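# Structure at a glance
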Amino acid sequence: MSQGGQKGMGALHRWLLVAVTAIVAGMPGHGAAQDAPGWGVVNVGVLAHRGTSDFEATWAPLRGYLDEAVPGWRFQFTPVTLVSARGQLETRNLDFLITNPGHYITLERDFPMSVLATRVRRTPSGEETRAFGSVIFTAAGSGVQALRDIEGRSVIAVDAAAFGGFQVAWDEFAKQGIDLFRDPANLTFAGFPQDRIVTQVLAGRADVGIVRSGLIEAMAREGRISLADVVVLNANADYAHPDQLSTRLYPEWPFLALAGIDPSLRNAVARALLATSAADAALADVWDAPVSYHAVRDLLAGYDAARAGTRPAEPGPIRWAVLAALLLPALGAGLFWVRRLRSGRRAPEVSEVDLQPEPPDFPALTRREAEILAQICNGHSTKQIAQALGISPKTVEFHRSNLLRKFGVHSSLQLVKLAAEAAT
């Protein structure tokens, strides 16, 4: 090869090396582990509880701060929901996550992560708060004066899996002997943005609403509502808190690092977050050393236990074998039952299933998929399943689609048919 050709090949090799380095550094979940940090893109998911309309304006200051405070890395902030965050974590599209503490505790069960810092929210009056709770409210003149007045009324909240948008308020009602899943005439989950819940109540489309603390004041500052139109129930929960409140307080949102992040990047981000208190005043919120989220774990444990205890049994003329197979602690037992069905053999007894290993040629069911499949076999609609399991209809449909794909069928009727044939 000529000298000019060798020089050309050398240049080509260098170009390819640079190109490959740039591509690998920008891959989700991998940018944090490269030797050339100048090419890194860091993906940060943020729970968009107020929707996406003002997401950029809200989080751009922190993103810009981190771009400068952590040299060589470019931070990308992505809005997520209570449901979509799980998908992003499963596909390793996120390096860090900012979300509410209840969501964090729930996700941590399946995705290892660590708390780098806890948010300190600054109010327009200059006060700082490291905690938040729920606001239970009604419209002025509605006739609702106390929590006990929800009996026979309509209640609207974010989601059964929402922390400040439902679970914290559920706990407050439960302490007073009130069951939010039973006592109101109607319980509706509206999802994000939480602003919609406030406007629905003030428009008279629901009697009582539940949102996280601080939201009503924010909407009033934005000129979207008048505080005179809002009546906060159980308002004496904490007089020292800067925002109106109906419940006890819990630690503010954590900034989370996902497992697998390069320690040097994780430490650099942690140092940058802890230095925000001395940063430019353009940051709406600052970050402190992480606090304990033990109280959040306790609330969720009580919530899950109560929901499991009050969830109605599902007996029926053809259903006991299905429930026995699907609701065993071993999540793969239901698939053993399906294999028996397809081979023409009878549906086994519980004790027989319990002794069988999970077949290697079938995908495993998650506990939630097993629960939803059992509900489908009982002929329940998406709305009924959502209410029974304390989840949103969108979550039900998400798992229903996964079940159809896993079992290789095209409709819920085919799943029900399998159940009927197995029990006869």
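Think of each chain on its own: its residues are numbered from 1, step by step along the sequence as written. The predicted origin of the model limits local features to residues at a pLDDT of at least 70 and limits the giving and counting of side-chain atom pairs to 80 or more, whereas totals for whole chains, interfaces and linings rest on all residues. Side-chain numbers come from the whole structure's heavy atoms, not from hydrogens or water.

When helices and strands are tallied, the protein chain shows 16 helices and 14 strands. Exposed residues in this analysis have more than 50% of their type's maximum accessible area, buried residues have under 20%, and partly exposed residues fall in between, with area computed by a 1.4 Å probe over protein chains only. Burial analysis of the protein chain (424 residues in total) assigns 47% to the buried set. Across the protein chain, the fraction of contacts at a sequence separation of at least 24, relative to all contacts at a separation of at least 6, is 74%. Accessible area of the protein chain: about 19800 Å², with a carbon and sulfur share of 54%. Runs of H or I in DSSP of at least four residues are treated as helices and runs of E of at least two as strands, each being numbered from the N terminus. Residues count as neighbours in contact if any of their non-hydrogen atoms are within 4.5 Å of one another. All accessibility values rest on the Shrake-Rupley procedure with a 1.4 Å probe; residue burial counts only the protein chains present in the view.

A few words on the packing of aromatic side chains. Two aromatic rings from Phe, Tyr or Trp, using only the six-membered ring of Trp, form a pair when their centres are within 6.5 Å; if the ring planes differ by under 30 degrees the pair is stacked, by over 60 it is edge-to-face, and anything between is tilted. Under the defined criterion, the tally for this structure stands at ten aromatic pairs. Arranged with centres 5.7 Å apart and planes meeting at 55 degrees, the rings of Phe96 and Phe255 form a pair that is tilted. Within this pair, whereas Phe96 is found in strand β3 (residues 96-98), its partner Phe255 is found in strand β13 (residues 254-258), the two being separated by 159 residues in sequence. Exposure remark for Phe96: the relative accessible area of 0% places this residue in the buried category. In textbook terms, an aromatic cluster arises when at least three aromatic residues are bridged by ring pairs, as seen for Phe166, Trp170, Phe181, Phe189 and Tyr303. Note that Arg119 overlies the ring of Trp253, its terminal NZ or CZ placed 4.8 Å from the centroid. Remark: a charge is flagged as sitting over a ring if the NZ atom of Lys or the CZ atom of Arg is within 6 Å of the ring centre and within 35 degrees of the ring normal. The cationic tip of Arg307 hangs over the ring face of Phe181; the distance from NZ or CZ to the ring centre is 3.6 Å.

Looking now at the pattern of salt bridges. Whenever Lys or Arg places a side-chain nitrogen within 4 Å of a carboxyl oxygen from Asp or Glu, that contact is recorded as a salt bridge. The tally for this structure, following the rule as stated, stands at 20 salt bridges. Put simply, Arg121 and Glu252 hold a salt bridge, and the shortest N to O gap is 3.4 Å. Here Arg121 is found in strand β4 (residues 113-122), whereas its partner Glu252 is found in the loop between β12 (250-251) and β13, with 131 residues between them in sequence. You can call Glu252 buried: its relative accessible area is 0%. In this structure, Asp195 engages Arg224 in a salt bridge whose closest nitrogen and oxygen atoms are separated by 2.4 Å. In this pair, Asp195 sits in helix α6 (residues 195-202) while Arg224 sits in the loop between α7 (215-221) and β11 (230-232), placing the two residues 29 residues apart along the sequence. Each of the salt bridges in this network shares a partner with another, and the network as a whole consists of Arg119, Arg121, Arg212, Asp243, Glu252 and Asp285.

Of the two faces of strand β8 (residues 154-157), the one carrying Ser154 and Ile156 and the one carrying Val155 and Ala157 are both buried. Here β8 pairs with strand β9 (residues 186-189) via four bridges, running parallel. Of the residues in β9, the one forming a bridge with Ala157 is Phe189. Seen with its strands pointing away from the viewer, a crossover is right-handed when the path leading from the first strand over the helix to the second is clockwise. Note on the crossover from β8 through helix α5 (residues 163-175) to β9: the handedness is right-handed. Note: β8 against strand β10 (residues 208-212), two bridges, orientation parallel. Bridge pairing links Val155 to Val208 in β10. Between any two strands, at least two bridges found by DSSP are needed for them to pair.

A few words now on the environment of Val80. With respect to the helices and strands, Val80 occurs in strand β2 (residues 73-80). On a C-alpha basis, the gap between Val80 and Leu97 in space is 9.3 Å, while along the polypeptide they are 17 residues apart. Ignoring sequence-local partners within four residues, the contact set of Val80 consists of Gly45, Val46, Leu47, Ala48, Ala85, Gln88 and Leu97.

When pLDDT is averaged along the protein chain, the result is 80; 75% of the residues meet or exceed 70. Here residues 311-342 is a poorly scored stretch, pLDDT under 50, and it has 71 contacts once near neighbours within four places are set aside; other chains count. Note on residues 345-362: pLDDT is under 50 here. Beyond four places in sequence and across chains, it has 28 contacts. By definition, pLDDT measures how confident the predictor is in each residue, and it falls between 0 and 100.

Ordered by their spatial adjacency, five strands build an open sheet running β9-β8-β10-β7-β11, and the pairing between neighbours is mixed. Because the sheet does not close on itself, it has two edges, and the strands there are β9 and β11. Adjacent strand axes in the sheet meet at a mean angle of 30 degrees, parallel and antiparallel pairs treated alike. Axes here refer to lines fitted to C-alpha atoms; in helices the fit is confined to the stretch in contact. Angles between the N-to-C directions go from 0 to 180 degrees.

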